[in-house]
Structures are given as C-alpha cells and as structure tokens.
Amino acid sequence: MDSTTLFIVSALIVVLCGVSFILNTALNRNDAAGKLWSLAFIAGIAVAFGYGVAIIGASNWWGLLVGNVGLVVLSGAFWSGSRLYNSRESLLWTVGAAGAVVAIWTLVTAPGGDGWGASGVTWAAMAAFGALGGSEALRGRLGRNINGRILGLSLWIVTVYTSARVVALVALGHDHPDFSRFFGTGSASIVNMSLIVVGSIAISILRAEKLGNNAVGDFTDGIHSAAGVMTSGAFVQAATDHIERADRWQLGLAVIGADIDNLPEINTAFGRAAGDAAIARFAQTLRYSAPVMALIGHPAAGSFLILVSVSSATEARSITERIQTALVDEPVTDSYRIRLTASFAIADTFDHGYELGVLTSAVTEAIRTLKRGGGNDITVVSEAA
C-alpha cells in the first residue's frame, strides 16, 4: 500500500481504539490516570485529523499545527498518566510547555513551507516523553505488572524509532530515498498501528485491574490502606507535621524505606492471593516490630515508609535490623510456606535535614539501587549519596 493509504488505515485504528477507551473512561468514571490516558487518545485522534487535513493540500498548513501539537500531547499524556498510576505527581504542565514550543515552531515554519520545518522538534519532544513514559512504566506499581512492562516496552520502541527518525532527518533530509523507505509516512504508520493496538490493550487491562482486582495495598479504609497502615496521603500529612516539630526542637528522625523483594514473582508463582497475603503479613510485621509511636505509610502495594524518632544513625539501623529479623522468622501464612525478604534504606535528619521530600527520595533511590543488586539488605544513605 502507498503511504497515504497506510496513513488512513493507521488513523482509523487510532480513532477506533481511542473512542473505545474514552467511552469506557467516561462511563466507568475512571481515576485520574485513566483520564490522562484518555487525553492521550484524544490527542491521537487530533493527530489523525490534523495530518489528514494537511495531506489534502498545502494551503491547509494549520493541520500540521494540530498534528504536531497532538503528537507531543499524545506521548506526554501517556507519561503523565503513568506517573499518576504510580501515585506520583503528573507534571502535566511540562507537556503543555513542550506543546507550546512545538506550536510556536510550527507557526513559524509551516505557512508557505513544505511541512517538514517543525518535524525534527516535534519528533524530539515525542521521543523525550516516550523515554520518560517508558522509564515510568518500568518502575513502581506499573513495573510490578506485566501489562505495565508491556506498555513500557511499547513506549521505548516509540522512543528508539522516533529518535532514529530525527537523526535520519538531520543527516539525510526528508527527500532522501533511504529516509522515505525507512522513516517516511508509510513506515511510521506501520509502527504506529502496531504500537497503538498493543498500548491500548495494555492500559485497558491496567485500568480494569485497578478498578476491580487491585492488590490489598491499593485499597483504602479511611486514612489506612487495607493492609492496616497509613495511606500515602495520610502518612505525608502526619510525617510533615512531625518533621516540622522535630526541626523546631532539633530532635533526630529517620525515614526507613522498605520494599518487599520479588513481589511480582510471588504473584506469578502462587497467585494474587499469595501476593496480598505477603503485603498484609509485611504490614503486620512492621506494626509489631517498629517503635510504638512510629508512623508507617503505604505509598504502593509492596512499599512502605516508616518515620521513627532516633538519637543516632546507629539506632535507626538497629530498628531496621529488628524489623528485618522479625520478617524472616515466620512464613507469610500456613497455606503459603513463603518467607519474605525485603530491601531497606535509611535516611536521617542528621545527614539530610528536615525535608520529607528529600528523605523519602533518598530512600526510594537507594532501595531501587539495592534491588538491582539482589535486594534483601539494608543500606544507610549518607549525606554524600
């Protein structure tokens, strides 16, 4: 098929997948992540419309404006929605800023041009958000889900292909035969058709799982998660108050991050019930082995944060070792003879100051590094780290 036909088929698939997802989001009153993913599909429909209008004639240059901005919003909304799914700030304003830059660039180059003037900038922005979205989908709650990893792989393929298009455009020019063969409209349409189908299926399943089949750590009961400890929002509010008061009196506090090792493997091997039991057991161990007045938060299914009052870094490590020992003393349940391990990281106010965001970021990054090395250990984040 020629390039125009391939583009029309690709646009039709985008519209069909987008309308289906958007309608399900509207009718099911989905969460914020689903709404941002719906925004991505709306942008995809706008891309199909804009570029379709631009193909009709050079006088319809405004279609390029719609299409270019839509591409940026499409990839950026996937990233922002993934951040919300992982219980992080969406940073949607960065998508708007990038879209504004591409819009201005298109307005400068499109009227009277051949339509390729803003392509490099548009594709570069799309590749950047694709890389961010792919990285986000491989971490946190998404990273523990096979469909999240499928979404991440799809976004990384988009990033690699789009980056190659930018390089080829700069090195060869849009009228070079090799560029047209490998990176022209026809080739890009084939890639887009494949990935939009895979991506729409993956996020549809993710949304369905979030609504009806979540892990125990993803449900809430008042200020507590279903596991019996504080939700992320309640923990942040209480911990911020404690840290402000400790700062006034210069008392020592430590944030202990804890993340269950191999939770996805437990879910795969023994089923979701075993994973839920592991999370509940871990939360119970934290409640009974942490100091009585400690705050215990539950930001994600297998991840926990503990704020404790300590007089030294040594005391914080001692508390963590006590938790680690209690964790391996007993199996998850009598039905599942699984002994849990976890990765722990400690950041205290002696080295990092009295900012909750700094403390939690330090332990989160340290745990991520620790798990890449095999996990099941304790690390203390020094000031130099």
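The model shown is predicted, which means the values in this text are computed figures rather than measured ones.

Chemist: Quick one: what's the story with the overall build of the chain, residue by residue and with numbers?
Modeler: A tally of helices and strands in the chain yields 15 helices and 8 strands. Taken as a whole, the chain presents about 17,800 Å² of accessible surface, with 61% of it coming from carbon and sulfur.

Chemist: Please provide a residue-by-residue account of the environment of Ala33, values included.
Modeler: With respect to the element layout, Ala33 can be found in helix α2 (residues 32–56). Relative accessible area serves as the criterion here: at 2%, Ala33 is assigned to the buried category. Sequence separation between Ala33 and Leu84 is 51 residues, and the spatial gap between their C-alpha atoms is 5.3 Å.

Chemist: Could you give an account of the nonpolar core, with specific residues and numbers?
Modeler: By size, the foremost hydrophobic cluster in this structure holds 38 residues, and its most contacted members are Trp37, Phe41, Phe78, Leu151, Ile203 and Leu206. Those elements that place two or more of their residues in this core are α1 (3–28), α2, α3 (62–85), α5 (119–137), α7 (146–172), α8 (177–183) and α9 (185–212). Element by element, the count of residues in this core is highest for α2, at 8 residues. Setting aside residues no more than four positions away along its own chain, Ile203 makes contact with Phe21, Trp37, Phe41, Phe78 and Leu151.

Chemist: How would you sum up a nonpolar patch on the surface? Please name residues and give values.
Modeler: Side chains of Leu39, Ile42 and Leu92 sit close together on the surface and give an oily, nonpolar patch of about 210 Å² of accessible area. Structurally, the position occupied by Leu92 is in helix α4 (residues 92–109). Since its relative accessible area comes to 31%, Leu92 is described here as partly exposed.

Chemist: Now, about the UniProt feature "transmembrane region" (unreviewed entry) in the chain: what can you tell me, with residues and values included?
Modeler: In the UniProt entry, the feature "transmembrane region" (unreviewed entry) is given for residues 6–24, 36–55, 61–79, 91–110, 116–138, 150–170 and 182–206. Within the segment residues 36–55, helix and strand shares are 100% and 0% respectively, and the terminal C-alpha atoms sit 29 Å apart. Its end C-alpha atoms 28 Å apart, residues 61–79 is made of 95% helix and 0% strand.

Chemist: Explain unusual backbone geometry to me, and be specific about the residues and the numbers.
Modeler: If you check the backbone angles, Asn262 has positive phi at about 60 degrees while not being a glycine. If you trace the backbone, Asn262 turns up in the loop between β4 (253–260) and α11 (263–270).

Chemist: Go over the pattern of salt bridges, please, and point to the residues and values.
Modeler: Under the defined criterion, the tally for this structure stands at 7 salt bridges. Residue Glu136 is joined to Arg88 by a salt bridge in which the shortest nitrogen-to-oxygen separation is 3.1 Å. With Glu136 in helix α5 and Arg88 in the loop between α3 and α4, the pair connects residues that are 48 residues apart, well separated along the chain. The class for Arg88 is partly exposed, based on a relative accessible area of 27%. The salt bridge involving Lys371 is made with Asp261; its shortest N-O contact spans 3.2 Å. Within this pair, whereas Lys371 is found in helix α15 (residues 356–372), its partner Asp261 is found in the loop between β4 and α11, the two being separated by 110 residues in sequence. Within the structure, one salt-bridge network assembled from shared partners comprises Asp259, Asp261 and Lys371.

Chemist: Give a description of α3 that names residues and reports values.
Modeler: An ideal rise of 1.5 Å per residue puts 34 Å on 24 residues; α3 measures up with 34 Å between its terminal C-alpha atoms. The buried fraction of α3 is high, at 18 of 24 residues. At the C-terminal side of α3, Ser87 shows a positive phi close to 65 degrees.

Chemist: I'd like to hear about the pairing of β4, residue by residue, with values.
Modeler: Of all 8 residues in β4, 8 are buried; the element is thus mostly enclosed. Burial of the side chains of β4 extends over both faces: Leu253, Val255, Gly257 and Asp259 are buried on one face and Ala254, Ile256, Ala258 and Ile260 on the other. The pairing of β4 with strand β6 (residues 303–309) spans 7 bridges and is classified as antiparallel. What sits directly across from Gly257, in β6, is Leu305. When β4 meets strand β7 (residues 342–348), the two strands line up antiparallel, connected through 7 bridges. Bridge assignment links Val255 to a residue of β7, and that residue is Ala347.

Conventions used here
Residues numbered from 1 in each chain as written. Predicted model: local features only at pLDDT ≥ 70, side-chain atom pairs only at ≥ 80, totals over all residues. Heavy atoms only, no water. Helix = DSSP H or I, 4+ residues; strand = E, 2+ residues; numbered from the N terminus. Areas by Shrake-Rupley, 256 points an atom, 1.4 Å probe, with all protein chains shown as cover. Buried < 20%, exposed > 50% of the residue type's maximum accessible area, 1.4 Å probe, protein only. Core = buried A, V, L, I, M, F, W, Y, C linked by side-chain atoms within 4.5 Å. Contact = heavy atoms within 4.5 Å. Patch = residues over 30% accessible without salt bridge, like charges linked within 9 Å, V, L, I, M, F, W, Y side chains within 5 Å. Salt bridge = Lys/Arg side-chain N within 4 Å of Asp/Glu carboxyl O. UniProt positions renumbered as here; feature names shortened; annotations may be inferred. Expected span 1.5 Å × (residues − 1). Pairing = 2+ DSSP bridges.

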